[in-house]
Each structure stands twice: as C-alpha cells, then as structure tokens.
Amino acid sequence: MAAESPNDEILLDEIRKGDSSAFASLVRKHGRKYYGLAYRYMASREDAEDIVQTAFLKLWENPNVWDPGKNVRFTTWFYRIVVNLCLDRKKKRREVAIPESFEAGDENRNQERKVGESEEKRLLAEEIAALSSRQKAALILCFYEGLSHEDAAKTMNMSVKALQSLLMRAKTSLKRNMRRYL
C-alpha cells in the first residue's frame, strides 16, 4: 500500500526549513490542478505554465507568505494567488487567444457533428473570455475547478452572496449571448 502524502501544512513547514523535496512534493500534489485553473482562465498552455511556475516560485522564495493561523486552507489561498497572476497577465495583454480545438479533416460521416460541437465550444469559450474578469473567475472556480461557493468566495476575497451574484450574472450573460448563435 502506497504511503499517503503529507498534508500541506506539514509540507510547508518543511519548505520553510529549505527542504526542496517537500517543495517538489507540494508541486506534484497540486501542480496539475493549478495548471488547469490557469489554462482555463488564459486559454494558453504557455501562459498557464508560466503562471503556475511563477506562483510556485514565489512560494519557494517566500514560504512564510502563507499563514496557517488565518484559518484559510493552503489550496484556497493558492487559488487566489494563481487567479491574481492570471488577472495581472490579462491586464498586461488585453487580447484573448482562443485555441482552435478542431481542424477539418477526412470525409468522416461524424465530421459535421464534430464541427458543430467544436464550433459550439469555441463560441462558448469566446463568450466566457468576454465576461468581466470577476465573473470569469467565479465561473472558472465554481464550475471548472469544482470549488464550493464558500471556498471560491474566500479565494476571491468576497462574501458568498457576492459570489453567487457574480455567477448569476455570468450565467445570464452567457445564456443571452449564446442564443445569438442558435
């Protein structure tokens, strides 16, 4: 039976002592999750990799920045770090690159369905990208990352009611805008 990995607080205590293997364990434990968050937000592999690398590097350079005494889980706190880095990157570069997820190919009879699904996903990605940064962050944290409303609200430093309001406005806007394509 494989040994369970230490909890985040123990790993961070070891990182504070300069233990690079504890840092590597923390990155292995959470790296993929934060990469997914950054990728959904930025729609770019390179940007997502840079953002996650920057976030973990900042943690390595200053492991005391996370304070377990504030009763915020490391994962919730780190979501905020990654989201803020995404927002900063978006402010610096006002355009959004939406990746093309499908290229037309052979004469497959499922081709038309695939093109339709691909186009629908692309349009939805464009509409999500057009949301305000706070609405987009709330949507990504709750629906793509699966955070509870409470954790997402803590991540965004707001009340649960404010988060729910952002989600409602985001969903209303997406529904209204997607109707244009039907």
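Residues numbered from 1 in each chain as written. Predicted model: local features only at pLDDT ≥ 70, side-chain atom pairs only at ≥ 80, totals over all residues. Heavy atoms only, no water.

Peer 1: Give a description of the overall build of the protein chain that names residues and reports values.
Peer 2: The secondary structure content of the protein chain amounts to eight helices and zero strands. Traced from its N-terminal end to its C-terminal end, the protein chain shows the element sequence α-α-α-α-α-α-α-α. Per-residue burial over the protein chain gives 37% buried out of 182 residues. Contacts spanning at least 24 positions in sequence make up 62% of the contacts within the protein chain whose residues lie at least 6 apart. (Helix = DSSP H or I, 4+ residues; strand = E, 2+ residues; numbered from the N terminus. Buried < 20%, exposed > 50% of the residue type's maximum accessible area, 1.4 Å probe, protein only. Contact = heavy atoms within 4.5 Å.)

Peer 1: Residue-level account of the packing of aromatic side chains, with values.
Peer 2: One pass over the structure, following the stated rule, counts 11 aromatic pairs. An angle of 70° between the planes, with centres 6.4 Å apart, marks the rings of Y34 and F56 as edge-to-face. One end of the pair, Y34, is in helix α2 (residues 20-42); the other, F56, is in helix α3 (residues 45-61), and 22 residues separate them in sequence. Both residues of the pair, Y34 and F56, count as buried. Note that K136 overlies the ring of Y41, its terminal NZ or CZ placed 5.1 Å from the centroid. (Phe/Tyr/Trp six-rings, centres within 6.5 Å; stacked < 30°, edge-to-face > 60°. Lys NZ or Arg CZ within 6 Å of the ring centre and 35° of its normal.)

Peer 1: With reference to specific residues and values, describe unusual backbone geometry.
Peer 2: A positive phi is found at A43, a non-glycine position, where the angle reads about 60°. Checked against the element boundaries, A43 lands in the loop between α2 and α3. Judged by relative accessible area, which is 16%, A43 ranks as buried.

Peer 1: Explain the nonpolar core residue by residue, including any values.
Peer 2: Core analysis: the biggest nonpolar cluster contains 44 residues, and F78, V82 and L163 have the highest contact counts within it. Looking at this core, the elements with two or more residues in it are α1 (8-16), α2, α3, α4 (74-92), α6 (133-144), α7 (149-155) and α8 (160-179). For V82, the residues in contact, after removing those within four places along its chain, are Y34, L37, A38, I51 and A55. (Core = buried A, V, L, I, M, F, W, Y, C linked by side-chain atoms within 4.5 Å.)

Peer 1: Got a sec to walk through α8? Specific residues and values, please.
Peer 2: For α8, spanning 20 residues, the distance from its first C-alpha to its last is 29 Å, which sits close to the expected 28 Å at 1.5 Å a residue. Those residues of α8 that fall on the buried side of the exposure criterion are L163, L166, L167, A170, S173, L174, N177 and M178. For α8, the angular spread of the buried residues around the axis is 135°, confining them to a single face. Set apart from the buried face of α8 by more than 90 degrees, the exposed residues are K161, M168, K175 and R179. (Expected span 1.5 Å × (residues − 1). Arc of directions from axis to C-beta.)

Peer 1: So what about a nonpolar patch on the surface? Which residues, and what values?
Peer 2: On the surface, a cluster of nonpolar side chains totalling about 280 Å² of accessible area is made up of L124, F143 and Y144. Turning to its location among the elements, F143 is positioned in helix α6. Classification of F143 by relative accessible area gives partly exposed; the value is 49%. (Patch = residues over 30% accessible without salt bridge, like charges linked within 9 Å, V, L, I, M, F, W, Y side chains within 5 Å. Areas by Shrake-Rupley, 256 points an atom, 1.4 Å probe, with all protein chains shown as cover. Salt bridge = Lys/Arg side-chain N within 4 Å of Asp/Glu carboxyl O.)

Peer 1: How would you sum up the pattern of salt bridges? Please name residues and give values.
Peer 2: One pass over the full model with this rule turns up seven salt bridges. Of the charged contacts in the structure, one is a salt bridge between E14 and K17, with a shortest N-O distance of 3.4 Å. Looking at E14, the relative accessible area reads 28%, which means it is partly exposed. The partner of E145 in a salt bridge is R40, with the nearest N and O atoms 2.3 Å apart. In this pair, E145 sits in the loop between α6 and α7 while R40 sits in helix α2, placing the two residues 105 residues apart along the sequence. Residue classification places E145 among the buried residues on the basis of a relative accessible area of 15%. For R40, a relative accessible area of 36% gives the class partly exposed. Salt bridges here are not isolated pairs; linked through shared partners, they connect D47, D50 and R89.

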